Amino acid sequence: SRLESLTKKYGVVTLVSEDVRNAITDEEYEWRKLETITVKGKHEPTVIYEVRERGEYGDRVVAEYEEALVYYEKGEFEKASLLFTSLAHQGDLPSEKILEKINHIDRTTWDGVYRWDEK
């Protein structure tokens, strides 16, 4: 339920954990890694994925998002912001939502894991 409540915070319809993503072998779906997070009440990080039917993403959008995510996780927020901004201008809601979070991240303690303190 903690993950389900995050769907609106990422602007996605369906969001799953890495464990669920790894358990599903159906090739009907596409997966986009959104971020590594912890949820309220948990300390162990988990990778979360957006799931969509195959063909809904453009290959370039996924590749650009993944590149931005690498910079984001490494704390290279200026590079990440440029890519996320480009994607947000194309209507990509998860990029827009991460851009909003970047301005509030404590750069002195950033370890690549976003910690949600609310449900």
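Scroll up a little and you will see the structure.
Definitions and cut-offs
Residues numbered from 1 in each chain as written. Predicted model: local features only at pLDDT ≥ 70, side-chain atom pairs only at ≥ 80, totals over all residues. Heavy atoms only, no water. Helix = DSSP H or I, 4+ residues; strand = E, 2+ residues; numbered from the N terminus. Buried < 20%, exposed > 50% of the residue type's maximum accessible area, 1.4 Å probe, protein only. Salt bridge = Lys/Arg side-chain N within 4 Å of Asp/Glu carboxyl O. Core = buried A, V, L, I, M, F, W, Y, C linked by side-chain atoms within 4.5 Å. Contact = heavy atoms within 4.5 Å. Polar contact = N/O pair within 3.5 Å; in protein donor to acceptor, adjacent residues only side chain to side chain. Pairing = 2+ DSSP bridges. Axes fitted to C-alpha atoms, helices over the stretch in contact; angles between N-to-C directions.

Student: Outline the environment of glutamate 67, supporting the account with residue identities and numerical values.
Tutor: Secondary-structure assignment places glutamate 67 in helix α3 (residues 59–74). The exposure class of glutamate 67 is partly exposed, given its relative accessible area of 38%. For the pair glutamate 67 and serine 95, spaced 28 residues apart in sequence, the C-alpha separation works out to 12 Å.

Student: Let's hear about the pattern of salt bridges: which residues, and what values?
Tutor: Within this structure, the stated rule accounts for nine salt bridges. With a closest N to O distance of 2.9 Å, arginine 32 and aspartate 92 form a salt bridge. Pair noted here: arginine 32 is in strand β2 (residues 29–38) and aspartate 92 is in the loop between α4 (77–89) and α5 (93–102), with a separation of 60 residues, a long-range link. Classification of aspartate 92 as buried rests on a relative accessible area of 8%. Ionic pairing is found between arginine 115 and aspartate 111, a salt bridge with its closest N-O pair at 2.8 Å.

Student: Report on the nonpolar core, specifying residues and quantitative values.
Tutor: Residues Tyr10, Ile37, Tyr72 and Phe84 are the most contacted members of the largest nonpolar core, which totals 26 residues. For this core, the element with the highest residue contribution is α4, accounting for six residues. Those residues in contact with phenylalanine 84 that lie beyond four places of it in its chain are Tyr65, Ala68, Leu69, Tyr72, Ser95, Ile98, Leu99 and Ile102. Judged by nonpolar contacts, the second largest core, of five residues, contains Val16, Trp31, Val47 and Tyr49.

Student: Outline the side chain of arginine 32, listing residues and values.
Tutor: The class for arginine 32 is buried, based on a relative accessible area of 0%. Within the local environment of arginine 32, its side chain forms a polar contact with the side chain of aspartate 92, the two groups lying 2.9 Å apart.

Student: Can you lay out the pairing of strand β3 (residues 46–53) for me, pointing to particular residues and giving the numbers?
Tutor: Where strand β1 (residues 15–17) meets β3, three bridges bridge the pair, whose relative direction is antiparallel. Bridge pairing in β3 places serine 17 opposite isoleucine 48. Sheet topology note: the β2/β3 ladder contains eight bridges and is antiparallel. Across the sheet, arginine 32 pairs through a bridge with glutamate 50, a residue of β3.

Student: How would you sum up the environment of proline 94? Please name residues and give values.
Tutor: Structurally, proline 94 can be placed in helix α5. For the pair proline 94 and valine 39, spaced 55 residues apart in sequence, the C-alpha to C-alpha distance is 17 Å. The contacts of proline 94, once residues within four sequence positions are left out, are Tyr10, Val12, Arg32, Leu34, Glu50 and Tyr65.

Student: Talk me through the sheet that holds β3; I want residue IDs and the actual numbers.
Tutor: What the four strands build is an open sheet, ordered β1-β3-β2-β4; its pairing is mixed. At either margin of the open sheet sits one strand with a lone partner, and together these are β1 and β4 (114–115). Here α3 sits on the sheet in contact with β2 and β4, set at roughly 15° to β2. Of the strands in this sheet, β2, β3 and β4 are in contact with α5, which crosses β2 at around 10°.

So yeah, pure geometry; function would need other evidence.
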